[in-house]
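Coordinate analysis (summary)
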Amino acid sequence: DQQVKQNSPSLSVQEGRISILNCDYTNSMFDYFLWYKKYPAEGPTFLISISSIKDKNEDGRFTVFLNKSAKHLSLHIVPSQPGDSAVYFCAANQAGTALIFGKGTTLSVSS
Amino acid sequence: GAGVSQSPRYKVAKRGQDVALRCDPISGHVSLFWYQQALGQGPEFLTYFQNEAQLDKSGLPSDRFFAERPEGSVSTLKIQRTQQEDSAVYLCASSLGGFGGGGNEQFFGPGTRLTVL
């Protein structure tokens, strides 16, 4: 059973608008959550993270929100740019254990 | 180099052949991880090294998979008697510390795409 789920395989957004990527998890013991971005033929690149003691972390155009009661996190990209087009992976873990990744969401930003 | 490098980038093997995949982590990174990414899936953990010690190999799918990091830097993932289901991208990642979180974010290489015919 998947512990980290990204239920939307793809998302299309216009340049300048907000992109919202969602992730759900089932393990309430997770204490760290990360987002990775992946371009074709490259490895995933770390984007932003949040610990379970916070509910929001912001880094430039990227903000991650964590709702522990709903076991849900989201990544907001504002404003979206064509260069943001990539596959976005949500990942989570408990301290000292392996990262568990979702299946990814492909974001397409059109100009 | 500045990042994690992996070689070869692409490998085609006939079923039953042995393959060896190499990972050069970021200099000074203590931790090294191997992941397997099947088509349309996220990376799945295979094994973890801290320096030369293999601390977790719980994700290795069978005893045909073997990993080593003898001097605590370069690592090799070996797959013996390859099967078609082994076809995937094999990703290597390194971090300063442990599994991730609190500054221990993992940095990934470009991966090796293995195709078993």
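Rules and cut-offs
- Residues numbered from 1 in each chain as written.
- Chains lettered and ligands numbered in written order.
- Predicted model: local features only at pLDDT ≥ 70, side-chain atom pairs only at ≥ 80, totals over all residues.
- Heavy atoms only, no water.
- Helix = DSSP H or I, 4+ residues; strand = E, 2+ residues; numbered from the N terminus.
- Buried < 20%, exposed > 50% of the residue type's maximum accessible area, 1.4 Å probe, protein only.
- Lys, Arg positive; Asp, Glu negative; His and termini not counted.
- Salt bridge = Lys/Arg side-chain N within 4 Å of Asp/Glu carboxyl O.
- Polar contact = N/O pair within 3.5 Å; in protein donor to acceptor, adjacent residues only side chain to side chain.
- Contact = heavy atoms within 4.5 Å.
- Buried area = accessible area lost by both parts, 1.4 Å probe.
- Pairing = 2+ DSSP bridges.
- Axes fitted to C-alpha atoms, helices over the stretch in contact; angles between N-to-C directions.

For the rest of this paragraph, the subject is the side chain of A:Lys37. All names here are of chain A. Residue position: lysine 37 is located in strand β4 (residues 32-38). Here lysine 37 occupies a buried position and makes no salt bridge, while the nearest side chain of opposite charge, aspartate 84, is found at 4.1 Å. Within the local environment of lysine 37, its side chain forms a polar contact with the side chain of tyrosine 39, the two groups lying 2.8 Å apart. Once residues within four sequence positions are removed from consideration, lysine 37 is found in contact with Gly43, Pro44, Thr45, Leu47, Gly83, Asp84, Ala86, Val87 and Tyr88.

Another aspect to go through is the interface of chain A and chain B. Each partner contributes residues to the interface: chain A has 19 residues there, and chain B has 20 residues. Of the roughly 1400 Å² buried at the junction of chain A and chain B (both faces included), carbon and sulfur atoms supply 61%. When the buried surface of chain A facing chain B is broken down by residue, A:Pro44, A:Phe101 and A:Lys103 rank first, second and third, together holding 29% of it. Counting across the chain A and chain B interface gives zero salt bridges.

Residues and elements named next belong to chain B. Spatial strand order, β1-β3-β8-β7: four strands in an open sheet with antiparallel pairing. Whereas interior strands pair on both sides, the edge strands pair on one side only; in this sheet they are β1 (5-7) and β7 (65-68). Neighbour to neighbour, the strand axes of the sheet diverge by 15° on average, direction disregarded. For strand β3 (residues 19-24) and strand β8 (residues 75-79), the ladder comprises five bridges, and the chain directions are antiparallel. Each bridged residue has a counterpart across the sheet, and for alanine 20 the counterpart in β8 is lysine 78.

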